[in-house]
Amino acid sequence: MANYKRNANANRDSLFGPNPGGSSSASAAPRKPAPRSTRNPPIATSAAPARTTATTGARRTKNFISSLSGQAKIDKMNEAEEYRKKAKKALQRTLFASPDPIAGAMFYHRAAEAYKLCGENRLERLHRIASADCQMGHDAFATAASEYMRAAELSEMSDETSERKRAECTKLYADAAKAWREENEMGRAGECMLRSGFSLLLGGGEDDEVILGGQRLVKMNKDAMVVIESAVESHVPDPLNRYRKFRQTGISSFSDPDAGPGGGGGLEPDEATLDICRNHMVKSSFAHETVSLAIQKFVEYGEYKSALYAAGAVSTLLESDGFSTISLSRAYCIETVLTLALGDVVASDKYFLEVHLQNNSYLSSRECKLAEDLIRAVKSRNVDDLEVARDPNGENRTALSNLGHAVRNLVATLRISGAAKSKGKTPVLVVATAAPATRAKPNEPAAPVSRGGQNLENELDDLMNDMGLDSDGDKDDNDDDDDDDDDEQD
């Protein structure tokens, strides 16, 4: 029997290896320890080679890439210059070849990336604009919009004057919005329009940088208000906005200016118009967050009517998706606060009862309690109840913290009359606009060179001519060819 077990264990060990817990392993003779080597032990080295920056000289720190220096920068600048020459050559018209905007855009983009590594803000900006123009030439609208947006960001971070920053950022974001619109990306087009309006507020002066109690000491520029409100309507057409009457500039594109009293389209829209507006409403994800930026900006400048108009657009976006709860509750509460800031407690109570409370999820939210406490305190003209309702350490502290910095400061300025405390504001100088330039009257002074519109385009063209980034040489060549033809005819 023992013989059989010994043979079975041997067969198993030969097939599957020795069993550590078996008797065969226990009976095996212990191994002798290996003799120690007299040689020095090898030094441990990492399997992966260490990364060096000898090839480019650039070093990445998180999301920031430090610029090149020394010989590496010189080599990269020469490489960018070669790309620029190739792009200019690709856009030239010859006897046997036509301009190639695809190759030109590619080479301009490579030159811009090279200048980015060199830390050349101005050169990168100009080459990205040239690349975007070429991309628009062969209908690559999404790529062109990305290049325009990157150029606008570079202009905002540049060392240019405030007036030039306003003009460049406004125009570049407007061009990006046009490109996104051609790509049928209405959400991104509206976002670029909003950034274009915000760009008109850059560098408004020392008073514009002062914020007291969440509000600025100057009024919002009229041109910026026009662009921002147009961006709000690009997300939600006015016939779908319950607060469309609070729009301060322009007329809706979806209303008949000859209809209604005074030709302002005051009549209620019909069902066919509403169907068209629903098809044009932006339904992309997080579109309400983009419009919420307009609310915060309007509140900072004390434009409560325009802020309420934008708040109505946010509520419409959130109501249309059918599943928003927390964000919709916050939007309803902001509407109540803005209506009370305008001093209309009757309208605030009406919309609270007829619109807000019809949403079941809003009834059990913290924002509903805050809105109800504010309305009750203002209606009863009880200062103590108003202070308890907006106490940052009271029962409504969670709801207040979710309203945003500007709206939270607005709640602190509410009075029992319903209107917010007004601060002395001084008008800000009118700055550039992206609208087409009109002919100036003889008694009006000429516009500065760095203003928006066609003047800015001419200035950018002149800069690109100096850098050799234009295709004017083609026009000159064509003119020379025409002159030669005229000479042959003579």
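Every value quoted in this text rests on a predicted model; they were computed, and no experiment measured them.

### Re unusual backbone geometry
Consideration 1: Here Phe286, not a glycine, exhibits a phi torsion of approximately 60°, which is positive.
Consideration 2: Considering the arrangement of structural elements, one finds Phe286 in the loop between helix 11 (271-280) and helix 12 (287-300).
Consideration 3: A relative accessible area of 57% places Phe286 in the exposed class.
Consideration 4: Even without glycine at this site, Arg381 takes up a positive phi of about 55°.
Consideration 5: Summarising the element assignment, Arg381 is placed in the loop between helix 17 (366-380) and helix 18 (383-389).
Consideration 6: Taking relative accessible area as the criterion, Arg381 reaches 53% and is therefore assigned exposed.

### Considerations on the packing of helix 6 (residues 141-157) against helix 7 (residues 162-182)
Consideration 1: Where helix 6 meets helix 7, the closest approach of the two axes is 8 Å, and the angle between their N-to-C directions is 165°. One finds that helix 6 runs roughly antiparallel with respect to helix 7. Considering how the two elements wind past one another, helix 6 and helix 7 form a crossing that is left-handed. Across the interface between the two elements, Phe141, Ala142, Ala145, Ser146, Tyr148, Met149, Ala151, Ala152, Glu153, Ser155 and Glu156 of helix 6 pack against Lys165, Glu168, Cys169, Leu172, Tyr173, Asp175, Ala176, Ala179, Trp180 and Glu182 of helix 7.
Consideration 2: In terms of residue class, the contact of helix 6 with helix 7 is built from 13 nonpolar, two polar and six charged.

### Notes on the nonpolar core
Consideration 1: With 87 residues, the main nonpolar core has Met220, Ile295, Val299, Leu338, Leu374, Leu403 and Leu410 as its most contacted residues.
Consideration 2: Per-element accounting of this core gives the leading share, 10 residues, to helix 13 (residues 304-321).
Consideration 3: Setting aside chain neighbours within four positions, we find Leu374 in contact with Val337, Leu340, Leu386, Ala389 and Val411.
Consideration 4: Judged by nonpolar contacts, the second largest core, of 15 residues, contains Ala90, Ala103, Ala105 and Leu123.

### Observations regarding the pattern of salt bridges
Consideration 1: Within this structure, the stated rule accounts for 29 salt bridges.
Consideration 2: Across the salt bridge formed by Arg128 and Glu124, the nearest N and O atoms sit 3.0 Å from each other. Of this pair, Arg128 and Glu124 both sit in helix 5 (residues 121-137), four residues apart, which is roughly one turn of that helix.
Consideration 3: Classification of Arg128 by relative accessible area gives buried; the value is 4%.
Consideration 4: Within this structure, Glu113, Glu124, Arg128, Glu147, Arg150, Glu153, Glu191 and Arg195 form a network of salt bridges that share partners.

### A short note on the environment of Leu317
Consideration 1: Its place among the elements puts Leu317 in helix 13.
Consideration 2: Taking the C-alpha atoms as reference, Leu317 lies 9.5 Å from Val291; in sequence the two are 26 residues apart.
Consideration 3: In this structure Leu317 touches His235, Val236, Met281, Val282, Ala287, His288 and Val291, once residues within four positions along its chain are discounted.

### A closer look at the side chain of Asp373
Consideration 1: If you trace the backbone, Asp373 turns up in helix 17.
Consideration 2: Among the polar contacts made by the side chain of Asp373, one reaches the side chain of Arg376 at a distance of 3.4 Å.

### A short note on the environment of Asp159
Consideration 1: Along the chain, Asp159 falls in the loop between helix 6 and helix 7.
Consideration 2: Counting along the chain gives 38 residues from Asp159 to Asn121, while the straight-line C-alpha distance between them is 9.0 Å.

### Quick look at the packing of aromatic side chains
Consideration 1: Following the criterion strictly, the structure yields five aromatic pairs and no others.
Consideration 2: When the centroid spacing of 6.1 Å and the interplanar angle of 50° are considered together, the rings of Tyr243 and Phe246 count as tilted. The pair formed by Tyr243 and Phe246 is uniform in burial state, with each residue classed as buried.
Consideration 3: Aromatic side chains Tyr243 and Tyr351 sit 4.9 Å apart centroid to centroid with 55° between the ring planes, which places their arrangement in the tilted category. Placement of Tyr243 in the loop between helix 10 (222-235) and helix 11 and of Tyr351 in helix 15 (residues 345-354) is noted, with a sequence separation of 108 residues between them. Each member of the pair, Tyr243 as well as Tyr351, is classed as buried.
Consideration 4: The side chain of Lys297 reaches across the aromatic face of Phe198, ending 5.2 Å from its centre.

### Structural notes on helix 8 (residues 186-199)
Consideration 1: The first and last C-alpha atoms of helix 8 sit 20 Å apart over 14 residues, in line with the 20 Å expected at 1.5 Å per residue.
Consideration 2: Burial within helix 8 is extensive, with 10 of its 14 residues counted as buried.
Consideration 3: Turning to helix 8, its buried residues are Gly187, Ala189, Gly190, Cys192, Met193, Leu194, Ser196, Gly197, Phe198 and Ser199.
Consideration 4: Where helix 8 is buried, its residues contact helix 6, helix 7, helix 10 and helix 12.

### Examining the confidence of the model for the chain
Consideration 1: Across the chain, the average pLDDT comes to 77, with 68% of residues at or above 70.
Consideration 2: When the criterion is pLDDT under 50, residues 471-476 qualifies, and its contacts beyond four places in sequence or with other chains add up to four contacts.

Definitions and cut-offs
Residues numbered from 1 in each chain as written. Predicted model: local features only at pLDDT ≥ 70, side-chain atom pairs only at ≥ 80, totals over all residues. Heavy atoms only, no water. Helix = DSSP H or I, 4+ residues; strand = E, 2+ residues; numbered from the N terminus. Buried < 20%, exposed > 50% of the residue type's maximum accessible area, 1.4 Å probe, protein only. Axes fitted to C-alpha atoms, helices over the stretch in contact; angles between N-to-C directions. Parallel < 35°, antiparallel > 145°, perpendicular 65-115°, else oblique. Left-handed = near helix turned anticlockwise from the far one by under 90°. Contact = heavy atoms within 4.5 Å. Nonpolar A, V, L, I, M, F, W, Y, C, P; charged D, E, K, R; others polar. Core = buried A, V, L, I, M, F, W, Y, C linked by side-chain atoms within 4.5 Å. Salt bridge = Lys/Arg side-chain N within 4 Å of Asp/Glu carboxyl O. Polar contact = N/O pair within 3.5 Å; in protein donor to acceptor, adjacent residues only side chain to side chain. Phe/Tyr/Trp six-rings, centres within 6.5 Å; stacked < 30°, edge-to-face > 60°. Lys NZ or Arg CZ within 6 Å of the ring centre and 35° of its normal. Expected span 1.5 Å × (residues − 1). pLDDT = per-residue confidence, 0-100.

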